[in-house]
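# Examination of the molecular architecture
Single-letter residue listing:
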Amino acid sequence: MSAVLNGIYIDGSWRAGDDVLEVINPATEAVLAEVSVGDAHAVTQAVDAASAAFVGWSKSTGRDRGALLRKIAQGVSEQREQLMHLQSSNNGKPLFEAAIDVDDVIATFEYYAAVAEDMDAGQDRPVALPSDDFSARLRREPCGVVGLIVPWNFPMVTTAWKLAPALAAGCCVVLKPSEVTPLAELQLARIIAEAGLPAGVFNLVCGTGLDVGAPLAADRRVAKISFTGSNAVGVQVMQRAAETIKGVSLELGGKSSLLVLADADLDLAVELACGGGFFNAGQMCSATSRVLVADSLADEFLLRLQARAEAIRVADPFADEVQMGALINRVQYQRVLGHIQRGIEDGARLLCGGERPADLPKGFFIRPTVFTDVPLDSALWNEEIFGPVLCVRGFASEEEAIALANASDFGLVASVVSRDIEATERVANALQAGLVWINAPQVIFPQTAWGGYKQSSIGRELGPWGLAAFQEIKHVISSN
Ligand code: NAD
């Protein structure tokens, strides 16, 4: 194995921390790399550097910031293959999935580059007042030093969705990658370093949640924490942030539904169910792990879904024709198997999967799993599983389908499949979800909004909302 990688980048230079974390390849269980990581002291130094850099960066023009964001997009584009390989080997996802991640990162940086380039003209906007005695203008200003804390399931994408708008807004950043998947972000940091951002504008501290994430959320100089991860940690981040009244944006868990209405194209429905359940080995906040099917279609749908799920090639992310890779680590592998076991004990009927593929004795692999007859009060039906597990249930009416989908503490996304366009629009409008796909796979564009209702999110990422999350609003009123 090569030398220990420096996992700390502060004020334009790489540093080593006192502790070292092993990074594992989830498909082989081998150690991929060792990364030296930071602690509360490194967080303080990173916030020092970011605070000093904010003085100049916050006054830079949108045009200059846009040019730097374009350079980052260009750097990611030039290193596309390398980033894909890093992501697949660190995360267990097939290369074609890693390619989608990297392309999303490029598109996000390009989108916010254009947004930044447009900002100078509109920074001061006149506001119409009901009085001739005064005039007013509104300015949007960067909110300050921001802490970005990201998870392991889409490490580069969740990073880009925060980092690009934060830099576009004129904020200085301290990024904390997941301790499980730091490798692609370390490469991204090298690309950013080469793009020529002023020292201190972008800082990165690898390490655990308690050693790095918690002190970042507590630092009174940090104006805002943008966090993506589990609800349990989201609560802790919010509690820490509350002590200094800092803003939080939270992107948390989901328990989303795919609704297959009575006149759906069944092949399309099966394809979308597999995409929503098994992409990224089901480790998606947006997984449509509840599949609700019109009673009239349910038997045929289940037959086709089972056949399709059983045919999915689960393999090493670099294997030929691989369709699904490994789960992230042993903890997650055992958690998902625990959910499956408990679901069976609670009376759910296992149609297929539920175990490791026989030909893969090593690595954290689980076969695509389909349950039916899942009790409505079971953990399998209500909790986020974060693995390749679908729960299918019939419904008698559109109202029942909507009620079943909305009966959740979460409200991130939903999918609707039907040839009846009016019905799809009606159902989409009735669902408590931040994003609804109609007859479409889970495509996402940087121009649209990402985030959910209820306990799935606070705020929205992407689009103008993602930028606004890193801005303050200032009104200036003067006497005429
Ligand atoms: P996690 O909550 O365990 O960790 C997320 C990040 O928080 C990591 O960087 C971790 O080190 C850090 N952290 C842990 N404890 C902390 C603390 N006390 N203070 C501050 N930071 C701390 O989540 P995970 O297991 O990495 O990711 C899976 C979860 O992320 C799932 O629940 C999934 O639904 C969610 N997720 C949501 C979205 C979304 O957009 N809504 C996207 C991806 C993942």
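Here the structure is shown first, and the text comes after it.
Not measured: the values here are computed from a predicted model. (Residues numbered from 1 in each chain as written. Predicted model: local features only at pLDDT ≥ 70, side-chain atom pairs only at ≥ 80, totals over all residues. Heavy atoms only, no water.)

## Overview of the pattern of salt bridges
Side-chain pairs of opposite charge can arise whenever the charged atoms involved come near each other. What the rule picks out here adds up to 20 salt bridges. Residue glutamate 29 pairs with arginine 330 through a salt bridge whose shortest N-O separation is 2.7 Å. Placement of the pair is glutamate 29 in the loop between β4 (19–24) and β5 (31–37) and arginine 330 in helix α11 (residues 330–345), with a sequence separation of 301 residues. As a salt-bridge pair, aspartate 124 and arginine 137 come within 2.7 Å of each other at their nearest N and O atoms. Of this pair, aspartate 124 sits in strand β6 (residues 124–127) while arginine 137 sits in strand β7 (residues 134–142), and the two are 13 residues apart along the sequence. The class for arginine 137 is partly exposed, based on a relative accessible area of 34%. (Salt bridge = Lys/Arg side-chain N within 4 Å of Asp/Glu carboxyl O. Helix = DSSP H or I, 4+ residues; strand = E, 2+ residues; numbered from the N terminus. Buried < 20%, exposed > 50% of the residue type's maximum accessible area, 1.4 Å probe, protein only.)

## Observations concerning a nonpolar patch on the surface
Taken together, Leu129, Phe134 and Ile477 make up a surface patch of nonpolar side chains, about 280 Å² in accessible area. Assignment of secondary structure puts leucine 129 in the loop between β6 and β7. (Patch = residues over 30% accessible without salt bridge, like charges linked within 9 Å, V, L, I, M, F, W, Y side chains within 5 Å. Areas by Shrake-Rupley, 256 points an atom, 1.4 Å probe, with all protein chains shown as cover.)

## Details of the site of the ligand
The environment of the ligand is formed by 28 residues, the closest being Val150, Glu179, Ser230, Glu384 and Trp450. Here valine 150 contributes a backbone N or O atom positioned 2.7 Å from an oxygen atom of the ligand. Here alanine 214 contributes a backbone N or O atom positioned 3.5 Å from a nitrogen atom of the ligand. Within the complex, the protein chains bury 89% of what would otherwise be the 850 Å² of accessible surface of the ligand. Those elements giving two or more residues to the shell around the ligand turn out to be α7 (209–218), β11 (222–228) and α8 (231–242). Of the residues in the shell around the ligand, the class split is 15 nonpolar, nine polar and four charged. (Near = heavy atom within 4 Å. Polar contact = N/O pair within 3.5 Å; in protein donor to acceptor, adjacent residues only side chain to side chain. Nonpolar A, V, L, I, M, F, W, Y, C, P; charged D, E, K, R; others polar.)

## Focus on the side chain of asparagine 153
With respect to the element layout, asparagine 153 can be found in the loop between β8 (145–149) and α5 (155–169). For asparagine 153, a relative accessible area of 5% translates into the label buried. Among all residues touching asparagine 153, those that are not within four sequence positions of it are Asn91, Lys93, Asn280, Gln283, Met284, Cys285 and Phe386. (Contact = heavy atoms within 4.5 Å.)

## Focus: the side chain of threonine 158
Here threonine 158 lies in helix α5. A polar contact of 2.7 Å, which involves the side chain of threonine 158, links it to the backbone oxygen of phenylalanine 154. Among the polar contacts listed, one links the side chain of threonine 158 to the backbone oxygen of proline 155, at a separation of 3.2 Å. The residues touching threonine 158, leaving out its near neighbours within four places in the chain, are Val150, Pro151 and Thr228.

## Some remarks on the sheet that holds strand β23 (residues 471–479)
Pairing is antiparallel in the open sheet, where three strands are placed in the order β6-β7-β23. Two strands bound the open sheet, and with one partner strand each, they are β6 and β23. Ignoring strand direction, the axes of neighbouring strands in this sheet form an average angle of 25 degrees. Bridge analysis of β6 against β7 gives four bridges, and the strand direction is antiparallel. Bridge assignment links arginine 125 to a residue of β7, and that residue is leucine 138. (Pairing = 2+ DSSP bridges. Axes fitted to C-alpha atoms, helices over the stretch in contact; angles between N-to-C directions.)

## A closer look at the sheet that holds strand β9 (residues 172–176)
Taking strand neighbours across the sheet as the criterion, the eight strands line up as β3-β2-β10-β9-β8-β11-β12-β22 in an open arrangement whose pairing is mixed. This sheet does not close on itself; its edge strands, each paired only once, are β3 (13–15) and β22 (457–458). Two strands pair when backbone bridges link them, and strand β2 (residues 8–10) and strand β10 (residues 202–205) are joined in this way by two bridges, in the antiparallel orientation. Its bridge partner lying in β10, tyrosine 9 is registered against leucine 204. Seen against the sheet, α7 touches β8, β9, β10 and β11 and runs at an angle of roughly 155 degrees to β9.

## Observations concerning unusual backbone geometry
The residue glutamate 321 is not glycine, and still its phi comes out positive at about 55 degrees. By the secondary structure assignment, glutamate 321 is in the loop between α10 (295–311) and α11. At aspartate 373, a residue that is not glycine, the phi angle is positive and equals roughly 55 degrees. Here aspartate 373 lies in the loop between β16 (369–372) and α12 (379–382).

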